[in-house]
Every structure is written in C-alpha cells, then in structure tokens.
Amino acid sequence: MTESAGAALRIPGRREVLRSHKEKGGFVAAVFPIHYPRALLRAFGILPMEVWGPAGVNTTPGDAHLQAYTCNIIRNGLSFLLSGGLDEVDLILVPHGCDSLQGLGSVLLDFIKPRQQVLTLYLPRGDANDAGRAIGFFADEFRSLYKSLSAITGRKPSEPELLSFIAQEEAADQQRSVLFQQRLRLPLTDREFYRVLRSREFLPAEEFVRLAQETLQQKVETSHSGVPIVLSGIVPEPMEVLDAIWRAGGIVVGDDLLCSGRRLYPPGKDEDPFPRMAENILLAPPDSTRGSSVQERIEHLQKLCEDTSARGVLFYNVKFCEPELFYLPQIRKSLSGRGIRSVEMETDLSEHLPDQMMTRIEAFLEIFQ
Amino acid sequence: MSALGSLRYHLNVSLLGNAYLRLDRMKLDRQMRQPGFWKDEHLSPPLRVSPWLKELITRHYLKGRHANDRFKVAWVTSGGPVEFLTALGYYVLYPENHGAMCGIRRVSEDLCGHAEAAGYSRDICSYARTDIGSVLSGKTPAGRLPKPDLLLCCTNICQTVLYWYQVLAHHFRVPLILIDTPFVYSEARDHDVAYVKKQLEHGVEVAEKTAGRSLGHKELKETTLRSKDAVELWKRIIETGRHRPSPITAFDEFIHMAPIVEMRGEPFTVDYYAAMLDELEERVAHDVGAVRNEKKRLLWDNLPIWYRVRQFSTLFAKQGVSLVASTYTNAWGELAEHIDPERPIESAAKVYMYPILNRGTGDKLRTIRRMVKEYQADGVILHSDRSCKPYSVGQMDQRRRLTDELHVPALLLEADHNDPRCFSEEQALNRLGAFMEVLEG
C-alpha cells in the first residue's frame, strides 16, 4: 500500500459548515435519506445536511415512537432530532425512500410536530422503462416543493438561477465520479477516501468540488495493492467497517452504496430545471429503493466488478432494510453464477463494529489472497 | 392454451369440480341445519352463508389449479386495481390471500423456511416469504398455483410489494405492471392523480398485449360496477357491527373478506355478499350477537394474526368480548362511494390512492377514533405487526393519543401476521388477559 495522505486533507465538520452557512444568512435543512434535489434547496439559500443515523446515537427517545423492528437509520435519526441534535436546522425534509421513511415523515407531521417545518417528497418508483412517466411526476413534485420553500424563505429563484445551481451540483457529482475513477491512484485509506466522498452529504457543492480537486491532486503513480472489492448496501456506518476492510488487506474500488454509488447522478439534458433535476435522480445507477428490476441491479454490479477489476462484493446492509434484503438472494446467486464471490453482512448502526464482523471480513478477503 | 388444455379445464373445473363443490356445500348446509350441530356456548353458530364461502374459495383455487390451461393468469397485490384484468378475462391470483390461507392452515412457517433457506431474510414480510417459499418449493395447501403470465403490483399498501414483485418478475420472467401510488400525507394532489392515471393506462396496454385482446369499455364498466356493488355491500356488512350485540365479529370478517379481495368484479361475489347482508340484518332484527353474551366491544387495528384467528376468537368470546370492527376489513369498504363505473380509469386513479395504508398516520388515528365512536368500542387492540411497517409505524403515538385524549384503553400487541415464530404465546395471552381486566374496570 502507498503511504496515506489523508491527514493532509482538511474537511470541516458538520457543525462548522452549518454555523458558517447560517452566519452568511443562509438556511439549513436536515435531510433524511435518500434522493432529493440538492440544487433546488441551494437555489433558496438552503444548505442540505443529510441525516444517515448517525451511528452510535442513544435510541431511547426514538424508541418511544418507533417499534424496534424499524431500521436504525430512522430510529437513530429521530432520536438525534428529539435529543436536540438538529436544533440548529431551519427545516426538515423527509423524502419518501421506503415504508419506514414514509412512517417517519408521517409521524413527524402528525404527532411529533417538531419546531422546524417538516416537508416531504415522494420518490417515484419503477425500473428504467418507467423513467419517462416518472420524470414528469417528479418534476411536478419539485414544483410543489419549490412553492413550499418559497413560502418558508420568502425567495423565488428564477429559472436561470435554478439552472446555475443545477450546473454547480452536476459539477460536484461529476467530481465524485472522477474520485471513484482515480481511486486506486489516491494515497488514501478507505476511511479517508470515504470521508472525502461523504462530505458531499453536508458540504456546499462548490466546497466539495474544491475538496475533490485537492484530493485528486494527491494522485500518485503507484497504485494500491489491496484486494479490490465492491461495497454494496446502504451506508458504511459505523465507519470502522472501512478500517476493517483496509486492515484485512482489501480496498473498496467500486461503490454500490445507497449513500454514494447509487447517487452518482448523471447530468440531465432537459433545459427546464424541474425535469432536469428529475432526470438527474431517476437516471442514476439502479437502486432498490427506486424499485429497479433485479436484472438491472445484477447487470450494474457485474459491470462495476468488470470495470474496477473487483474480485468480490461485500453487501453491507442495515438491519430491517427490506428494499435491500429482497434483492440479495437473486443478485448473489446470479453473481456467483458469473464467478463473482460475495458476502453479506448486517449492521445495526451501533457504535462499534462487532468483532465477529471483522472476522468475517478477514475471512472473505483471505479467499482472494 | 391448447384445445386439449381447454377440454381438461372444462372437465376438471366446470363439470367435475363444480358438481363436487355444489354437493359439498349442500352437505355442509344440511349438517348446519341438524339439531346439536353447534355446541359452543360462547359463540353463535357460523353464518348460514359459510358453506357458500367455502365453495367460492375452493372453486377459486380449483380454477387456479387448472388456469394455465384456459386463461391468462395475473398475480396481483391485494390493493391492486384488478377491474381491467378481470374485464380482459384474466384469472387473478392474490399471493397475499394465498399467504393468509397458508397462515390459517399453519403451513406458513414451513414455507417461510423454504424462502429463508434460499437466502431471504427473516426480517422481510412474512407474506412475501410464504409466497416465495411456495414458489420455490411448489408447496401450497391449494394443491397447485398457476404460473403468472403477468404481474401487477400496486404500492398503495406498501413499498414491500414492489421489491417482492421484482423478485417474482425475475423468477418468472414475465412483465410487471407497476402502479406506483404516491403516499397521501394529507390530500392527493392533481399531479399525483395524473401520475397514477397514466400508469393505469399503460398497465391496460401491457395487459392487453399479454392477453392478445383489447379491453372493451362495456366490459370494464360492468366489472367496475360489480366491484362497486360488492364494495358497497361489504361496507354495509361491516357496519352491521355497530348494532348491540354485534351480529358479526372482525374474526368472521377476516374470513369472509376473501371474495372482496380476490373476486372483486365477479357477479357471484355480489350475490354472495347480498345474501350475507340479508342474514346479518336478520340477526340484527332478532338481536342475535356473534358473541352470545356480549359484554365488551373492541376494535382491531392492523392485519389479523392469521395462525391465531380461531384461538383468539374463542378466547375473546369466553370473556364476553366481541371484536366488533377492524380498520383492516373496513379498508375494503370505505372507498365505495368514489368508484365511478362511468369513468373507470379516472376514478380508479383516485380510489386506489386512498386505502388506509396509503394515508398518513394522523388520518389513521382519525379513522380509529371515528370507528370507536360509531361502533361504541370499549377499547382498541393495535396489532404491532413486525411484517407490516406501513400499518404499524405510528401505532405507538396512536395508542398514546387514544389513551390520553380519548380515554379509550388501547393495547399494543406485538406479533406477526403470518410467522408464528415472531409470536410469543404466553406474553400475548398475559397482555390480553391484563387488558381484559382493565376493560372490566
């Protein structure tokens, strides 16, 4: 392995970014997973800060509202909100990503009624064949969200302004793709690499672009020698999972995670900003939560393995995540039939990675060594 | 669908099957009329239409057993817009209903095991595991299920069905019609309805292509009218539960709801529910309660615990407790007035967005409150169903509101609708026992 240069990269913390944005007169929105139009929020001066849990939160406050069989991303997120973790944000956006997120949005609106206004957004479902119908609907969803955001902020960004923010977000998404393409040449551990990637969850697009470019400048000629794998699933939390992969001699070269790889949004084509933002999301890589077909997901994963020369796939799932769980058996069987080994692990977003999981990661990677 | 296949179907179903089922029904009718037939001191005898129900369900599955010989077959989610498929002549199978049947017959655990052995997690819906287990093993209490030519999945009950049907589409390699219904947090908006309508129109095109024939407006209108009639009758049936004593319990409704789910749009369904309503009205006129000594009345929220329906029915009746209504069976009756046979697709676009499962948690609480009042319920049991998140998330707040604001005792009962391994018998009975004591004051 090459020497790590991750320490040289300075990534501001969420609080720091939030306060800096608010000091400039901006608004901040806490955004629950998964898909939403970043550019639309930014056009209203709202900085989205994504809430993927976080891991290690005391779930007692959320447990008073959600059953134990609800996934931890939702229960941790609600607990974080109820324990004051989101007190500084101005509004909460709960996109409809699954039955549990639907329930969270509804419970917030109907019963908990936090101080901040809660907005929802419906994500249309279907495989690639349905994208045409879905784009029109999603564009209308964004128009509806525009009205709500306008009422909250008192602003009315014009179409050219919207298109300018879209261009900014598309550039940031493009940088994220480049980071993946250059992964093996970057002198970063997996954890460092993902710290950069996941800063997109809270950094303004322009700052993320700067960070990505700074990261890419550290490119070296010699590449990593670890066992290349694809990481699939929801979110790499707790982040120790990335350390475990790295220590066991692996390196994540392909990403099919919901929080990152499945949000490598391609640039849209439409000149109208609303359908264009819909295209960004709906034409992204196949995703269980968007209802992609099993075949689409198999083909995508196979291509990802081929393009990155990955030796295997690690499916890292959050407990009780039905969208992921349904697809796994057929995907794994098909990948196995094509000679691609895989392993499935499940986390509950606890503070520490269980030793048993580290052992399984080691055992999986040893197969290739 | 060869001539030989068609002949086989007519012989097995139209001639032999129907004759046998008619004879069996007559035999059961006779048995039920015999003095001493019913000995339960707490529950009234089953409804006289029960043998007819058995005939309908058995014929439906018998027809299914041979359906690939005679019809195009569609597998459909329980809240799916089925009218255009029925009008196109499809045989329609509902895996969820089949799952419920497996639960009642107590074979769901075995079938879930087959799905789990193939890698499906125990954390996914037990209906889905039952169905996938049945598909993979070929086992079913119905003898044999027909293979689908088409799948129709409507997300108005949950997103789970979408992933489940993607699994089925991949397994069977058949077209999947998706009717994606935006969740109604408060009111359905114009673009929601337009989106669903477009999908329905596309669904009709796919179904026509698979069936090899065009959908006639007249057939669709007639099917929709029969659906509306059946739904209206079902609504009146469950509303008889408002009478004291209630002539029917939700446990009865769980069983008698099969035709409204899987035979909606058929003429015999309308006839059946008309006869059932007549019988219930007769019970109302004579103050015959389904629970003989009705002392307390309860409302049930969420799906039944299928493998404990009979046990709970007896347990409640022994305590003089009548489960007079449920939000679950009510869901199939509450949208009748919005079905418009003159505008079948347009009205379906809105109707199929509004089942209770596609509405907000606050709206469900309002439904529960209304039903508590209308059915004069003394308490509510909220089945916290591990396999049904859209129905269950929100129940903790709903229970608190019912208790604190409406002063209605409400119990959260942890279980799973189809997987008995997620049901703790002793704990459930203890909690129910304590709840009954609270009710008695």
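Treat the numbers as computed from the prediction; the structure is a model and nothing was measured.

1. Digging into the overall build of chain B
Part 1: Per the secondary structure count, chain B includes 19 helices and eight strands.
Part 2: For 441 residues, the compact-globule formula gives about 22 Å, and the C-alpha radius of gyration of chain B, at 21 Å, lands near that figure.
Part 3: Taken over the C-alpha atoms alone, chain B extends approximately 65 × 55 × 50 Å along its principal axes.
Part 4: The buried share of chain B, taken over its 441 residues, is 54%.
Part 5: Considering only contacts in chain B between residues 6 or more positions apart, those separated by 24 or more positions represent 79%.

2. Brief notes about the overall build of chain A
Part 1: From N to C terminus, chain A includes 14 helices and eight strands.
Part 2: For 369 residues, the compact-globule estimate of 2.2 N^0.38 gives 21 Å, and chain A sits close to it at 20 Å.
Part 3: Taking the principal axes of the C-alpha coordinates as reference, chain A spans close to 60 × 45 × 45 Å.
Part 4: Counting the 369 residues in chain A, one finds 57% classified as buried.
Part 5: Expressed as a percentage of contacts within chain A between residues at least 6 apart in sequence, the contacts between residues at least 24 apart total 73%.

3. Focus: the nonpolar core
Where a protein is soluble and globular, its nonpolar side chains tend to be buried together.
Part 1: Ala-29 and Leu-93 of chain A together with Ala-74, Leu-85, Leu-151, Leu-299 and Val-380 of chain B are the most contacted members of the largest nonpolar core, which has 248 residues in total.
Part 2: Apart from residues no more than four positions distant in its own chain, Ala-74 of chain B is found in contact with Leu-85, Tyr-90, Val-92, Pro-148, Asp-149, Leu-150, Leu-151 and Leu-152 of chain B.

4. Considering the environment of Phe-315 of chain A
Part 1: Secondary-structure assignment places Phe-315 of chain A in strand 7 (residues 312-318).
Part 2: A sequence separation of 28 residues divides Phe-315 of chain A from Val-343 of chain A, and the C-alpha atoms of the two residues are 6.0 Å apart.

5. Examining the sheet that holds strand 1 (residues 27-31) of chain A
All names here are of chain A.
Part 1: Reading across the sheet, the four strands line up as 2-1-3-4 and stay open at both edges, with parallel pairing between neighbours. Looking at the sheet topology across the chains shown, the edges are occupied by strand 2 (46-50) and strand 4 (117-122). Adjacent strand axes in the sheet meet at a mean angle of 30°, parallel and antiparallel pairs treated alike.
Part 2: Along the sheet, helix 6 (residues 131-153) contacts strand 1, strand 2, strand 3 (91-96) and strand 4; its crossing angle with strand 4, the most-contacted strand, is approximately 170°.

6. Concerning the sheet that holds strand 1 (residues 73-76) of chain B
All names here are of chain B.
Part 1: Read across the open sheet, the four strands follow the order 2-1-3-4; overall the sheet is parallel. The open sheet terminates on both sides in strands that have one partner only, identified here as strand 2 (91-93) and strand 4 (176-179). Ignoring strand direction, the axes of neighbouring strands in this sheet form an average angle of 20°.
Part 2: The strands touched by helix 8 (residues 190-211) are strand 3 (150-154) and strand 4; relative to strand 4, the strand with the most contacts, the crossing angle is about 165°.

7. A short note on the environment of His-66 of chain B
Part 1: Tracing the chain through its elements places His-66 of chain B in the loop between helix 2 (50-65) and strand 1.
Part 2: As for His-66 of chain B and Asn-12 of chain B, which are separated by 54 residues in sequence, their C-alpha atoms are 7.8 Å apart.

8. Focus: the interface of chain B and chain A
Part 1: Listed per partner, the contact involves 40 residues of chain B and 44 residues of chain A.
Part 2: Counting residues per element, the ones that place at least two in the side of chain B that touches chain A are helix 7 (160-172), helix 8, helix 16 (361-374), helix 17 (389-392) and helix 18 (395-405) of chain B.
Part 3: Sort the elements by how many residues they give to the side of chain B that touches chain A and helix 7 of chain B lands first, with eight residues.
Part 4: Class assignment of the residues belonging to the side of chain B that touches chain A gives a composition of 17 nonpolar, 16 polar and seven charged.

9. What to know about the packing of helix 16 of chain B against helix 18 of chain B
Helix-helix packing: each pair is described by the crossing angle between the helix axes and the interaxial distance.
Residues and elements named next belong to chain B.
Part 1: For the pair helix 16 and helix 18, interaxial distance at closest approach is 10 Å and the crossing angle is 40°. One way to sum up the angle between helix 16 and helix 18 is to call them oblique. For the crossing formed where helix 16 meets helix 18, the hand is right-handed. Here Thr-361, Lys-364, Leu-365 and Ile-368 of helix 16 lie close against helix 18, whose contacting residues are Asp-397, Gln-398, Arg-401 and Leu-402.

10. What to know about the confidence of the model for chain B
Part 1: Looking at chain B as a whole, its pLDDT mean stands at 96, while 100% of the residues score no less than 70.
Part 2: Across the whole predicted complex the pTM is 0.96, and at the interface the ipTM reaches 0.96.

11. Considering the pairing of strand 2 of chain A
Residues and elements named next belong to chain A.
Part 1: Within strand 2, five of the five residues are buried, which leaves it mostly tucked inside the rest of the structure.
Part 2: Both faces of strand 2 are covered, namely the face carrying Ile-46, Pro-48 and Glu-50 and the face carrying Leu-47 and Met-49.
Part 3: Here strand 1 runs beside strand 2; their pairing, made up of five bridges, is parallel. Residue pairing for strand 2: Val-28 is matched across the bridge by Leu-47.

12. Focus: unusual backbone geometry
Part 1: Of note, the amide linkage connecting Gly-53 of chain A to Pro-54 of chain A takes the cis form, showing an omega dihedral of -5°.
Part 2: Relative to the helices and strands, Pro-54 of chain A is located in the loop between strand 2 and helix 3 (60-63).
Part 3: The omega torsion across Glu-237 of chain A and Pro-238 of chain A is -10°, close enough to zero to call that bond cis.
Part 4: Examined against the element boundaries, Pro-238 of chain A turns out to sit in the loop between strand 5 (227-233) and helix 10 (240-247).
Part 5: For Phe-320 of chain A, which is not a glycine, the phi torsion comes out positive at approximately 75°.
Part 6: Mapped onto the elements, Phe-320 of chain A comes out in the loop between strand 7 and helix 13 (322-337).
Part 7: Judged by local crowding, Phe-320 of chain A falls into the buried class, with 25 C-beta atoms found within 10 Å.
Part 8: At Gln-376 of chain B, a residue that is not glycine, the phi angle is positive and equals roughly 50°.
Part 9: Relative to the helices and strands, Gln-376 of chain B is located in the loop between helix 16 and strand 7 (379-385).

13. What about the pairing of strand 3 of chain A?
All names here are of chain A.
Part 1: Within strand 3, six of the six residues are buried, leaving the element largely enclosed by the surrounding structure.
Part 2: The alternating pattern of strand 3 places Leu-91, Leu-93 and Pro-95 on one face and Ile-92, Val-94 and His-96 on the opposite face, and all of these are buried.
Part 3: Sheet topology note: the strand 1/strand 3 ladder contains three bridges and is parallel. Bridge pairing links Val-31 to Leu-93 in strand 3.
Part 4: Relative to strand 4, strand 3 runs parallel, the two being bridged by six bridges. Bridged to Leu-93 within strand 4 is Leu-119.
Part 5: A crossover connection joins strand 3 to the parallel strand 4 through helix 5 (residues 99-112); in handedness this β-α-β unit is right-handed.

14. A word on the packing of helix 7 (residues 159-181) of chain A against helix 9 (residues 205-216) of chain A
All names here are of chain A.
Part 1: Remark: helix 7 packs on helix 9, axes separated minimally by 9 Å, with the N-to-C direction vectors making an angle of 25°. What the angle tells us is that helix 7 and helix 9 run roughly parallel. Between helix 7 and helix 9 lies a crossing of left-handed hand. Contacts between helix 7 and helix 9 involve Gln-168, Glu-169, Ala-171, Ala-172, Gln-175, Arg-176, Val-178 and Leu-179 on the former and, on the latter, Ala-205, Glu-206, Phe-208, Val-209, Ala-212, Thr-215 and Leu-216.
Part 2: Across the contact of helix 7 with helix 9, the residue classes tally to nine nonpolar, three polar and three charged.

15. Observations regarding the environment of Cys-98 of chain A
Part 1: Within the secondary structure layout, Cys-98 of chain A lies in the loop between strand 3 and helix 5.
Part 2: Once the C-alpha coordinates of Cys-98 of chain A and Pro-33 of chain A are considered, the two residues, 65 residues apart in sequence, prove to be 9.5 Å apart.
Part 3: Leave out the neighbours within four places in its chain, and Cys-98 of chain A touches Thr-289, Glu-322 and Pro-323 of chain A together with Gln-159 of chain B.

Reading the values: rules and limits
- Residues numbered from 1 in each chain as written.
- Chains lettered and ligands numbered in written order.
- Predicted model: local features only at pLDDT ≥ 70, side-chain atom pairs only at ≥ 80, totals over all residues.
- Helix = DSSP H or I, 4+ residues; strand = E, 2+ residues; numbered from the N terminus.
- Rg over C-alpha atoms; globule rule 2.2 N^0.38 Å.
- Buried ≥ 20, exposed ≤ 12 C-beta atoms within 10 Å, placed from the backbone.
- Contact = placed C-beta atoms within 7 Å.
- Core = buried A, V, L, I, M, F, W, Y, C linked by C-beta atoms within 7 Å.
- Pairing = 2+ DSSP bridges.
- Axes fitted to C-alpha atoms, helices over the stretch in contact; angles between N-to-C directions.
- Nonpolar A, V, L, I, M, F, W, Y, C, P; charged D, E, K, R; others polar.
- Parallel < 35°, antiparallel > 145°, perpendicular 65-115°, else oblique.
- Left-handed = near helix turned anticlockwise from the far one by under 90°.
- pLDDT = per-residue confidence, 0-100.
- Right-handed = clockwise from strand over helix to strand, strands pointing away.

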